[in-house]
2 protein chains.
Amino acid sequence: MRRFVLIAFSFALLHGEEGMWTFNQFPAEKFKQKYGFSPTQQWLDHVRLSSVRLAEGCSASFVSPNGLVLTNYHCAVTCIQQISSAGKDYTVTGFNAASGAEEAKCPGQEANVLVEISDVTARLKAKTAGLADKAAFDARKAEIAQIEKECATSDSVRCEVVTLYGGGIYDLYKYRRYQDVRLVFAPEFATAFFGGDPDNFMFPRYNLDMSFLRIYENGQPVKTPDHFPISAAGPKEGELTFVSGHPGGTNRQHTIDMLELERDYTKPLTLFYLSEYRGMLGEFQTRGREQQRIAQDDLLFTENSLKADKGEYWSLLEKPFFQLKVAEEHDFQKRVNADPKLKAQYGDLWAEIVKADQRARQLYLPYVYLEGMLGLESDLYTHARRLIRMAAEFAKPNSERIPRYTDARKPELQQATLSKAPIYPELEIEKLTFSLSKLREALGPDDPAVRQIFGERSPREIATDAVKGSKLTDVAVRKALMEGGQPAIDASDDPMIKLAKQVDPLARKIRKQWEDEVESARSRALEKLGAARFAVYGTSLYPDATFTLRLSYGTVKGWNENGKPVYPFTTLGGAFDRATGREPFALAPSWLEAKPRLNLKTPFNFVTTSDIIGGNSGSPVINKDAQLVGLIFDGNIHSLGGNYGFDETLNRAVAVDTRAILETLDNIYHAQRVLDEVSKK
Amino acid sequence: MRRFVLIAFSFALLHGEEGMWTFNQFPAEKFKQKYGFSPTQQWLDHVRLSSVRLAEGCSASFVSPNGLVLTNYHCAVTCIQQISSAGKDYTVTGFNAASGAEEAKCPGQEANVLVEISDVTARLKAKTAGLADKAAFDARKAEIAQIEKECATSDSVRCEVVTLYGGGIYDLYKYRRYQDVRLVFAPEFATAFFGGDPDNFMFPRYNLDMSFLRIYENGQPVKTPDHFPISAAGPKEGELTFVSGHPGGTNRQHTIDMLELERDYTKPLTLFYLSEYRGMLGEFQTRGREQQRIAQDDLLFTENSLKADKGEYWSLLEKPFFQLKVAEEHDFQKRVNADPKLKAQYGDLWAEIVKADQRARQLYLPYVYLEGMLGLESDLYTHARRLIRMAAEFAKPNSERIPRYTDARKPELQQATLSKAPIYPELEIEKLTFSLSKLREALGPDDPAVRQIFGERSPREIATDAVKGSKLTDVAVRKALMEGGQPAIDASDDPMIKLAKQVDPLARKIRKQWEDEVESARSRALEKLGAARFAVYGTSLYPDATFTLRLSYGTVKGWNENGKPVYPFTTLGGAFDRATGREPFALAPSWLEAKPRLNLKTPFNFVTTSDIIGGNSGSPVINKDAQLVGLIFDGNIHSLGGNYGFDETLNRAVAVDTRAILETLDNIYHAQRVLDEVSKK
């Protein structure tokens, strides 16, 4: 009940250790006043260039001059599963490349390094000035496509216009793009996920949630002069640390109406869906050992989302917290209304958001089920839709396309299409059957779109026919369809392509409604909201997270849980104490065998007050000297409310201590090659 | 958004067609003023004695002088599944006894007829006067056990003290108890549940959700001079009708704090659990045809609960509705506080409820998972717990026992223990594995109770060991344990008995905490609430539903759904129009074959404005002349908010028209024996 007491008006002030700061707006002056130290521009540049974004949704960092990357196991688990097979399951054995030649390419993995940030706000505002919501939305979309195209001079450059402060600022983020990412080392699944779902978002914790990747370019490891040496000393209690990573998204600046829509509608719907999906996947795994293996990845991400979404949901239901958010909004509105000029400019933005939210509620279910593909969970369907959309969109002018299909996005579309990731028809049928049933349930059996898709068929018939008859499991077939463009798509009688062709017009229709009636009004109102915040509270605030590089800071510090202090470190020995021998509390055989050799007092996991969120997984924890002392892999249960507000008393980031990384590489895994390569300090 | 507009202060007034009236408090005078007709005492007695309660949770009625009972298919589906086997599946073929000898006994089914109501308020209040919460709670429990024991003079008498108006009135309900209930006729599952979960709680509707049972006594059909003739004319649009049945429970008189606890905590938790359980069961069914059969019943009830609970949940989240409930409470509080005497007596009751609710929130999870058995879903576990509790409780004085184990409850405990209902170990293992996993998730792996139950074992290990090794599938084994009492339980090494012996002390501990710290305070506060309502609004109100006999009334009338009128009747022909040939929209072969013979214009389902809720399933819809014109089987989607308040503009009960019952018995099922027996008028 004491959660969030510090968050009121938090966005206006630099207090506590809150904030996910952009690298070009770090509050160096205020920071220096508080800590007597502040990152220099050189320090910031070095940290930025040593930081890596994994495009699928994680963070990472360079830890050697030869492109060696440290990230979480769970950020590589999809890759590890994809390069495994029924005969050779690396989730069971772990993976340790004995030489460069054995480093295994991850299908579909892309890494980005942020090389430049530039402000394109003026250019975009000039294009939208004076336009009504929908026209402004379309004009902005077209100009963003143009800016990104101009910037993306080759496939090795990734450019993204990032909307900050709800549209108060638009920055162009230019990344070096790498599409050859290989697995170097990973421990066993049981080691990385010790404690499984029960311990997820909990602390004390005992997870070696790490893996090493390497980035290649032209078949050679990339040179990375900017990288973090791994500290053999690790972090100290009370030490000031930094986290450089890519928080995926926060809703801290959302209005009360938006939070209520989330709390009372979209979040419960998500939780019902994920709960049932989890039940299905868990039972599917009982079919056999191979089925357990192939569904592990899906189940893992479902359980993780479920626990994270539940945490967010319960935090929104905490009355004292919500009352503070309401008070915060009232203060903001009072200040706007007190100034006649501000009132004229911004006074009606809350009502505009309410209106957009009402329409959002009406369109939400068809939007997420058809366009968001919640009703069409299937890798094959995803391939099919991408193929038919590439054909259709590439035929249009760049500025008129769906944003994900602009010229600047071609490299990732092609990589995804040609990914060698295996597809399992047995699991595909269950996922598609399940999600089609949920589609029919959400929209109702009499909905015209449902009638058109289903006809007289059952979900299982549709799924079975489409999966069993499809040739899209074959990369060559997908390549031919991609290269053949619209004529190839038109000629295809692949049943999954046919299903996608049937659904896509319905999905596009609801997408257009959503853009025209929800997104455009909402984005205009949010832009106003961002501008009003600037006008009222000045510039010393950080934008909501956007899966772009941010710098957080915090101290290594426990907390008080219901009156009991939680110590900020665990040890390797603690894992042995907690082990039961049964999943998910079973230690891997390698650990049991190595126990006599291990220094059981080695610090294993630790917590800091850093302000992080999903997407920060794999972020380096560094000290003032830019040495890597830890590897972020989770937050505690209180951190989940961090989506809406930060409470320094309870909110903690959870990391692997570098001392445990070095000790286990040495004494459990004998990973001498990795150990020799990482710079240690 | 127009829902519930009529409910404000509805409990104070007889307006609209709201109300689930007790048979001894029917507002005959006011009713007569409105309708120019009122039931006489004779009419009420006849209707009461023609009405049947099915103890597992349904309503029914006599439709012949020889104990023939009409109820829903879904009220008999458990029986139908229990008497089926892999080789003979009556859910597929339907059931039609060709003679009395073929009528099949339903394991575990009990039927009750209400023969007498008497007021025991004064007797109970005398025992609790001046006592503190916990002492009053215990004294009341003991006196109820005593009253029920005095009343239950033989196994064929069932006596229950019913708490009405939250404890404003305590009535003793005396029933004739019948434990030999046999299946006479049932159509196919596909016919009864046409449209399945997608159409559940929807209208227009095409369900022949009916079955015929017969009550036996000493091996002979019971004589039932009081029964309803079945009307061949059916109901007319606009006709006044009555529903005599057993609404299971409503929360209309709950305080805002109680509703918030439900909306923001207990209901979401229930929905997460049911969603995941549903996902598990649905996937279990893909193992094969037999697995589909044995899980059908569980899945059906899970889906039905899920949809009903979701409807209630969304209704609590409707802002205009909730604001009305808040306004209603403010008015009530204002009136209490305006009168110094009332204020002194009742002014603090809302604060008392808040306090009890706070404690309820803390104890809720262990209470429902351990004592409520949400963490131990298994028929075998249920048997094991009943056996060990019978042994322990029967050794105590009657007044000190857990209420379900008093002397008056022995007949149903024995019947349940000796039930021949089949148990399927394969499904048992999945259910118990699932629920044990949820138990660990809910309480956390470090909870002392979890540690004690689990030790180092996994949920699947515990479930597999307990189910595979248990002999409790054998009725004779259960009988021996029941008759052997505590020594037999102590000596048993049946692994399911052992699991129950391990869990039960933990369950009893939390049960005691819940009773002492939540229930006793809450029941005192609710008693005050009921008394305060009487004091403020007088006596012209009906009590919340309690699964006891109530009389509702209403007219056959459609409604307006988003501006479009919904006609109150469907026809048999409509079912053929809606059929797709695929589950759940596949008509049974018997229907397809019979189509040329059928009068397709025969009215099939219809709606009335009657105020009903779950438990009313199987209730007769009767006209002023006490002729049966319909069979309640559902409510529309708006009826689900009826748990909290009644809105006559939208809330509809859904029934099978007697014309469809007679037409299908005749022309589809050739059920001449049933047709000849029912009196038709």
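Throughout, a residue's number is its position along its own chain's written sequence, starting from 1. As a convention, the first chain written is A and the first ligand written is 1, with the rest following in written order. Restriction of local features to residues with pLDDT of at least 70 applies here, the model being predicted, together with a cutoff of 80 or more for giving and counting side-chain atom pairs; totals for whole chains, interfaces and linings are based on all residues. For side-chain calculations, the full set of non-hydrogen atoms in the structure is used, while hydrogens and water are omitted.

1. Considering the overall build of chain A
Stated precisely, the cut-off is as follows: Numbered from the N terminus, helices here are DSSP runs of H or I no shorter than four residues, and strands are runs of E no shorter than two. Only the C-alpha atoms count toward the radius of gyration. The rule for a globule is 2.2 Å times the residue count to the power 0.38. Buried, partly exposed and exposed residues are distinguished by accessible area as a fraction of the type maximum, computed with a 1.4 Å probe on protein chains only: under 20%, between the cut-offs, and over 50%, respectively. Two residues form a contact once any of their heavy atoms are found within 4.5 Å. Each accessible area is a Shrake-Rupley estimate made with a 1.4 Å probe; only the visible protein chains count as cover when residues are assessed.
Each helix and strand in chain A was counted, giving 24 helices and 21 strands. Its C-alpha atoms give chain A a radius of gyration of 25 Å, near enough to 26 Å, the size a compact globule of 681 residues would have. Seen through its principal axes, chain A has C-alpha atoms that stretch 65 × 65 × 50 Å. Looking at chain A residue by residue over its 681 residues, the buried ones come to 63%. For chain A, the share of sequence-separated contacts (at least 6 apart) that also reach a separation of at least 24 residues comes to 80%. Counting only carbon and sulfur atoms, one obtains 53% of the accessible surface of chain A, whose full area is about 24,700 Å².

2. Overview of the packing of helix H13 (residues 349–371) of chain B against helix H20 (residues 495–537) of chain B
Residues and elements named next belong to chain B. Definition in use: Axes here refer to lines fitted to C-alpha atoms; in helices the fit is confined to the stretch in contact. Angles between the N-to-C directions go from 0 to 180 degrees. For classification purposes, an angle smaller than 35 degrees is called roughly parallel, one larger than 145 roughly antiparallel, one from 65 to 115 roughly perpendicular, and anything else oblique. Left-handed is the label given to a crossing in which the near helix is rotated counterclockwise from the far helix by less than a right angle, and right-handed is the label when the rotation is clockwise. Ten residue types, Ala, Val, Leu, Ile, Met, Phe, Trp, Tyr, Cys and Pro, are classed as nonpolar, four, Asp, Glu, Lys and Arg, as charged, and the remainder, Gly among them, as polar.
As a packed pair, H13 and H20 sit with axes 9 Å apart at the nearest point and diverge in direction by 155 degrees. By the criterion of interaxial angle, the relationship of H13 to H20 is roughly antiparallel. Every pair of crossing elements has a handedness; the one defined by H13 and H20 is left-handed. A per-class count over the contact of H13 with H20 returns 21 nonpolar, one polar and nine charged.

3. A look at the interface of chain B and chain A
To keep it simple, the criterion reads: By definition, the buried area sums, over both parts, the 1.4 Å-probe accessible area that each loses when the two are put together. Salt bridge, as applied in this entry: a Lys or Arg side-chain nitrogen positioned within 4 Å of an Asp or Glu carboxyl oxygen. Polar contact criterion, stated in full: a pair of N or O atoms within 3.5 Å, where within protein one must be able to donate a hydrogen and the other to accept it, and residues adjacent in sequence count only if both atoms are side-chain atoms.
On the side of chain A, 44 residues touch chain B, which itself brings 44 residues to the contact. Roughly 3,500 Å² of surface becomes buried between chain B and chain A when both sides are summed, with 51% attributable to carbon and sulfur atoms. At the junction of chain B and chain A, the tally comes to 14 salt bridges. Our enumeration of links across chain B and chain A arrives at 15 residue pairs in polar contact (both at pLDDT 80 or more). Looking at the side of chain B that touches chain A, the elements with two or more residues in it are helix H8 (196–199), helix H9 (256–284), helix H10 (289–316), helix H16 (425–443) and helix H18 (459–468) of chain B.

4. Focus: the state of the cysteines
For clarity, the threshold we go by: Two cysteine sulfurs form what is called a disulfide whenever their separation falls within 2.5 Å.
Counting across every chain of the model gives six disulfides over all chains. One disulfide in the model links cysteine 151 of chain A with cysteine 159 of chain A; its S-S distance is 1.9 Å. One quick way to see it: the torsion about the S-S bond of cysteine 151 of chain A and cysteine 159 of chain A is about -65 degrees, and its sign makes the bridge left-handed. On the accessibility criterion, cysteine 151 of chain A (11% relative accessible area) is buried. Assessed through its relative accessible area of 0%, cysteine 159 of chain A is described here as buried. Between the sulfur atoms of cysteine 58 of chain B and its disulfide mate cysteine 75 of chain B the distance is 2.1 Å. The S-S bond linking cysteine 58 of chain B to cysteine 75 of chain B shows a torsion near -80 degrees; that makes this disulfide left-handed. You can see cysteine 58 of chain B sitting in strand E3 (residues 58–62) and its partner cysteine 75 of chain B sitting in the loop between strand E4 (68–71) and helix H3 (77–83), a full 17 residues away along the chain. Taken individually, cysteine 58 of chain B and cysteine 75 of chain B each receive the classification buried, so the pair is uniform in this respect. For chain A, the bonded cysteines pair up as 1-2, 3-4, 5-6 when numbered in the order they occur along the sequence.

5. As for the nonpolar core
Most often, soluble globular proteins keep nonpolar side chains buried together rather than apart. Applicable threshold: Residue types Ala, Val, Leu, Ile, Met, Phe, Trp, Tyr and Cys, when buried and joined through side-chain atoms within 4.5 Å, form a set referred to as a nonpolar core.
Counting residues in each nonpolar core, the largest one holds 84 residues, and the members touching the most others are Phe185, Met210, Phe212, Phe242, Trp591, Leu665 and Val674 of chain B. Ranked by residue count, the leading element in this core is H20 of chain B, at six residues. Excluding its chain neighbours within four sequence positions, the residues that come into contact with tryptophan 591 of chain B are Glu188, Thr191, Leu208, Leu572, Ala575, Phe576, Phe604, Thr664, Ile668 and Tyr669 of chain B. In this structure, Leu164, Tyr175, Trp591 and Ala594 of chain A belong to the second largest nonpolar core, which totals 83 residues.

6. Points about the relation of the copies chain B and chain A
Applicable threshold: Our superposition of the copies is a least-squares fit, built on the C-alpha atoms of residues whose pLDDT is at least 70 in both.
By a simple turn and slide, chain B fits onto chain A: the slide is 0.0 Å along the axis, the RMSD is 0.0 Å, and the turn is 180 degrees. Both chain copies can therefore be described as sitting about a two-fold axis. Interface overlap between copies: 100% of the residues of chain B at the interface are likewise at the interface in chain A, consistent with a symmetric, same-surface contact.

7. Looking at the confidence of the model for chain A
Our working definition: Scored between 0 and 100, pLDDT is the confidence that the predictor attaches to each residue.
Summarising the model, chain A shows a mean pLDDT of 94, and 98% of its residues fall at 70 or more. Note that residues 1–14 of chain A has pLDDT below 50 and, in this model, 49 contacts with residues that lie over four places away or in other chains.

8. Focus: the packing of helix H9 (residues 256–284) of chain A against helix H11 (residues 319–338) of chain A
Residues and elements named next belong to chain A. One can describe the packing of H9 onto H11 by two numbers: an axis separation of 10 Å at closest approach and a directional angle of 155 degrees. When the axis of H9 is compared with that of H11, the two are roughly antiparallel. For the pair formed by H9 and H11, the contact residues are Ile256, Leu259, Glu260 and Arg263 on the first element and Phe322, Lys325, Val326 and Glu329 on the second.

9. Some remarks on helix H16 (residues 425–443) of chain A
Rule in force here: How far a helix is expected to stretch is found by multiplying one less than its residue total by 1.5 Å.
Taking 1.5 Å per residue as the helical rise, H16 of chain A with its 19 residues ought to reach 27 Å, and the 26 Å between its terminal C-alpha atoms agrees with that figure. A large share of H16 of chain A lies buried, amounting to 14 of its 19 residues.

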